[in-house]
Amino acid sequence: MTTDTVLTEQTDPYCLSDEDAAAVLVGAPWRRFAVIGDSLSAGIGDPSPGYRTVPWPERVCTVLRRVNPDLAYLNTAQIGTSTAKTTATQAERMLAFRPDLIHLPSGANDIWRSQPSYSDIEDDLRELYALAAATGATLTVFTLVKRFVVATIPDFAARVSRVNDITRRVAREYGAIVVDTWDHHINDRPDLLSADQIHLASAGQAVLAIEVVRALAGALNGVR
């Protein structure tokens, strides 16, 4: 399929209907889903023709509720927040919610600094992941897409690659499920990102939600 093929949510090969997505999660145990972090965790993004304008976390929540209708959902994500600030301002609400499924951030805003300290980024992620892991919940995280490039920061692609490596390492340490979008085929799509060239447009949100669902299904079946 060429990158200029016009897709809709119904024809996108990486999308599933809510019904079909729920079918791959039959028997899923999760009943309290929490999402914390930054604007990527919030699912900020522009509309895409042919796709529902629904953030990826709400899409995942909808699928989970088809499996367990009594599922409770909390999203404390804040635009522009760092990992350290997420821990300081969101962890308490997350812990009080008593989640059994938690989506965690991957340090996107930490690499906007003029001189990022990757050791600090890793320490901050590890602190947050340790708090989340102590709940006993299933943890998920996604890496940042390759198309996430900031023209005013010449080495930004290298920063993204490096923070993705940190995310994978810390996630592995705490048993988190990694949805790896760095090399995903959607990076080839010209309309992947919103006008700000940072956040996924609705088409990307739709694909991301299904990748999370598929990763959860893999965990249920013992595949990582």
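Quick notes on the rules
- Residues numbered from 1 in each chain as written.
- Predicted model: local features only at pLDDT ≥ 70, side-chain atom pairs only at ≥ 80, totals over all residues.
- Heavy atoms only, no water.
- Helix = DSSP H or I, 4+ residues; strand = E, 2+ residues; numbered from the N terminus.
- Rg over C-alpha atoms; globule rule 2.2 N^0.38 Å.
- Buried < 20%, exposed > 50% of the residue type's maximum accessible area, 1.4 Å probe, protein only.
- Areas by Shrake-Rupley, 256 points an atom, 1.4 Å probe, with all protein chains shown as cover.
- Lys, Arg positive; Asp, Glu negative; His and termini not counted.
- Charge placed at Lys NZ, Arg CZ, Asp CG, Glu CD.
- Phe/Tyr/Trp six-rings, centres within 6.5 Å; stacked < 30°, edge-to-face > 60°.
- Lys NZ or Arg CZ within 6 Å of the ring centre and 35° of its normal.
- Pairing = 2+ DSSP bridges.
- Axes fitted to C-alpha atoms, helices over the stretch in contact; angles between N-to-C directions.

To continue, consider the overall build of the protein chain. Helices and strands together make up the secondary structure of the protein chain, namely 7 helices and 5 strands. Sequence-ordered secondary structure for the protein chain, helices as α and strands as β, is α-β-α-α-β-α-β-α-β-α-β-α. For a compact globule of 224 residues, the expected C-alpha radius of gyration is about 17 Å, and the protein chain comes in at 17 Å, within 12% of that figure. Judged by the C-alpha coordinates and their principal axes, the protein chain covers about 45 × 40 × 30 Å. Burial statistics for the protein chain: of 224 residues in total, 52% are counted as buried. Roughly 10100 Å² of accessible area belongs to the protein chain as shown, and the carbon and sulfur atoms make up 52% of that amount. Charge centroids of the protein chain, computed over 21 positive and 27 negative side chains, lie 3 Å from each other.

Moving on, we get to the packing of aromatic side chains. Counted according to the given criterion, the structure contains 5 aromatic pairs. On the basis of an interplanar angle of 80 degrees and a centroid distance of 5.0 Å, the ring pair of Phe 148 and Phe 156 is categorised as edge-to-face. With a relative accessible area of 0%, Phe 156 lands in the buried category. Members of the aromatic cluster, joined through ring pairs, are Trp 112, Phe 148 and Phe 156. A cation over a ring is seen here: Arg 32 above Phe 97, with NZ or CZ 4.3 Å from the ring centre.

With that settled, consider the sheet that holds strand 1 (residues 32-35). Read across the open sheet, the 5 strands follow the order 2-1-3-4-5; overall the sheet is parallel. Both outer strands of the open sheet, strand 2 (72-75) and strand 5 (177-179), are each paired with one neighbouring strand and no more. Taking each pair of neighbouring strands and ignoring which way they run, the sheet shows an average axis angle of 15 degrees. Inspection of the sheet shows strand 1 paired to strand 2 by 4 bridges, in the parallel sense. Paired with Phe 33 across the strands is Tyr 73, a residue of strand 2.

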